[in-house]
Amino acid sequence: MPEARAGAAATPAQSGKDTKGDEGAKTPGTGPDAGSGAAGRPRRRQARGEARIAQLLEAAAGVFCSSGYNGASTNAIAREAGVSPGTLYQFFPNKEAIAIELGEQLMHRWRETYGAAFVVSHIELPLDRMLDTVLDPLIAFNCENPAFAVLTHGSEIPGVITREHDILHASMLTRTEQLLGAYLPELPADQVTRTAAMSFVIFKAGLDLVMEHEGEEREAYIRELKSVMYRYLEPLVCDTPDGVTPGPINTP
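Since this is a predicted model, take the numbers as computed values, not measurements. (Residues numbered from 1 in each chain as written. Predicted model: local features only at pLDDT ≥ 70, side-chain atom pairs only at ≥ 80, totals over all residues. Heavy atoms only, no water.)

A.B. asks: Residues and numbers for the environment of P146, please.
C.D. replies: Assignment of secondary structure puts P146 in the loop between α6 (127–144) and α7 (147–150). Judged by its relative accessible area of 36%, P146 falls in the partly exposed class. Separated by 84 residues in the primary sequence, P146 and G62 place their C-alpha atoms 8.7 Å from one another. If we skip the residues at most four places from it in the chain, P146 touches C65 and M211. (Helix = DSSP H or I, 4+ residues; strand = E, 2+ residues; numbered from the N terminus. Buried < 20%, exposed > 50% of the residue type's maximum accessible area, 1.4 Å probe, protein only. Contact = heavy atoms within 4.5 Å.)

A.B. asks: Go over the packing of helix α5 (residues 95–117) against α6, please, and point to the residues and values.
C.D. replies: One can describe the packing of α5 onto α6 by two numbers: an axis separation of 8 Å at closest approach and a directional angle of 165°. Relative to α6, the element α5 lies roughly antiparallel. The element α5 and its partner α6 pack so that their crossing is right-handed. On α6, the residues touching L106, R109, W110, T113, Y114 and A117 of α5 are V134, P137, L138, F141 and N142. Class assignment of the residues belonging to the contact of α5 with α6 gives a composition of 8 nonpolar, 2 polar and 1 charged. (Axes fitted to C-alpha atoms, helices over the stretch in contact; angles between N-to-C directions. Parallel < 35°, antiparallel > 145°, perpendicular 65-115°, else oblique. Left-handed = near helix turned anticlockwise from the far one by under 90°. Nonpolar A, V, L, I, M, F, W, Y, C, P; charged D, E, K, R; others polar.)

A.B. asks: Outline the packing of aromatic side chains, supporting the account with residue identities and numerical values.
C.D. replies: All told, the structure shown has 6 aromatic pairs when counted by the stated rule. The rings of W110, Y114, F118, F141 and F148 are connected pair by pair, giving a single aromatic cluster. Geometry around Y69 places K95 over its ring, the cationic atom sitting 4.4 Å from the centre. (Phe/Tyr/Trp six-rings, centres within 6.5 Å; stacked < 30°, edge-to-face > 60°. Lys NZ or Arg CZ within 6 Å of the ring centre and 35° of its normal.)

A.B. asks: So what's going on with helix α10 (residues 215–238)? Which residues, and what values?
C.D. replies: Quick reminder: α-helices carry 3.6 residues per turn. Residues three or four places apart thus point the same way. For α10, spanning 24 residues, the distance from its first C-alpha to its last is 34 Å, which sits close to the expected 34 Å at 1.5 Å a residue. The principal kink in α10, of about 30°, is found at Y232, preceding the proline P235 by one to four residues. All of the buried residues along α10 are R218, I222, L225, K226, M229, L233 and L236. Where α10 is buried, its residues touch α6, α8 (159–183) and α9 (189–211). (Expected span 1.5 Å × (residues − 1). Bend = angle between axes of the 7 residues up to and from the residue.)

A.B. asks: Please give an account of empty space enclosed by the protein that cites residues and values.
C.D. replies: According to the stated counting rule, one finds 1 cavity of 30 Å³ or more in the structure shown. Within this model, the largest cavity holds a volume of roughly 170 Å³. Around the largest cavity sit 15 residues that line it, and F118, V134, L135, T176 and M229 are the ones nearest its centre. A per-element tally of the lining of the largest cavity places α6 first, with 5 residues. Among the residues making up the lining of the largest cavity, the classes are represented as 13 nonpolar, 2 polar and no charged. (1 Å grid on protein atoms, 1.4 Å probe; cavity = no way out; pocket = protein on both sides within 12 Å on 5 of 7 lines; lining within 4 Å. Points joined across faces, edges and corners; volume = space filled by probe spheres on them.)

A.B. asks: With reference to specific residues and values, describe the layout of surface pockets.
C.D. replies: Considered as a void within the structure, the largest pocket measures approximately 350 Å³ in volume. Surrounding the largest pocket, 17 residues form its lining, N142, H153, H165, K204 and L207 being those nearest its centre. Ranked by residue count, the leading element in the lining of the largest pocket is α9, at 6 residues. In terms of residue class, the lining of the largest pocket is built from 9 nonpolar, 5 polar and 3 charged. Volume-wise, the second largest pocket comes out at about 180 Å³. Lining the second largest pocket are 13 residues, with E58, A61, L102, L106 and N145 positioned closest to its centre. Going through the elements one at a time, α2 (40–71) and α5 are the ones with two or more residues in the lining of the second largest pocket. Looking at which element gives the most residues to the lining of the second largest pocket, the answer is α2, with 5 residues. For the lining of the second largest pocket, a count of residues per class yields 7 nonpolar, 3 polar and 3 charged.

As structure tokens, this is what we get:
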């Protein structure tokens, strides 16, 4: 999937531009330290800059979760990261740039997660085990990265994130339809499309409830979500004639 990056989100570590102060993320091989005798020093500064960016993005994730995107500020993110606002501005010009960078990282990891969940071998499993295998990593990702939900919902979110999320949403729906079509090869194509769309909506709604709870209550809602999806899909599996071999999934 193509990555969409706003110009404002480019960071010194990515653009190759020098920064001021001891956080420097200079391009290796440039500046007064360049040369055969000091070749390692610019690279160390580059690594320090990337570490600082990771620190700021982690802090931003916490602030976005606690305050929402609209309520977050660069000052709050700097405080959470334990740095001065000036240090933050060496790497990000504003809150939007931070959100775009964090959103792109999370969506990249989300694509990897659902890509590993929707694989051909899973259609050979019984329905309950297939649901566990597909849903568990998707649920775990969202529980471990609550900022993902914050940055993919709401009218105030930067447009580039919204566009990337819409593409991601369409891709996931396509993969869901492919998985169900392979698992239920005798189902008419139009019914597969409707079943995939309904299953997708059920999962999203159930995931919202899962994310609203913690601990044992969260686990209870996860079980409820799987139960609902199983009860919805199980009659379709029973209607599939015995001995029918599922077809392959056309994965990109």
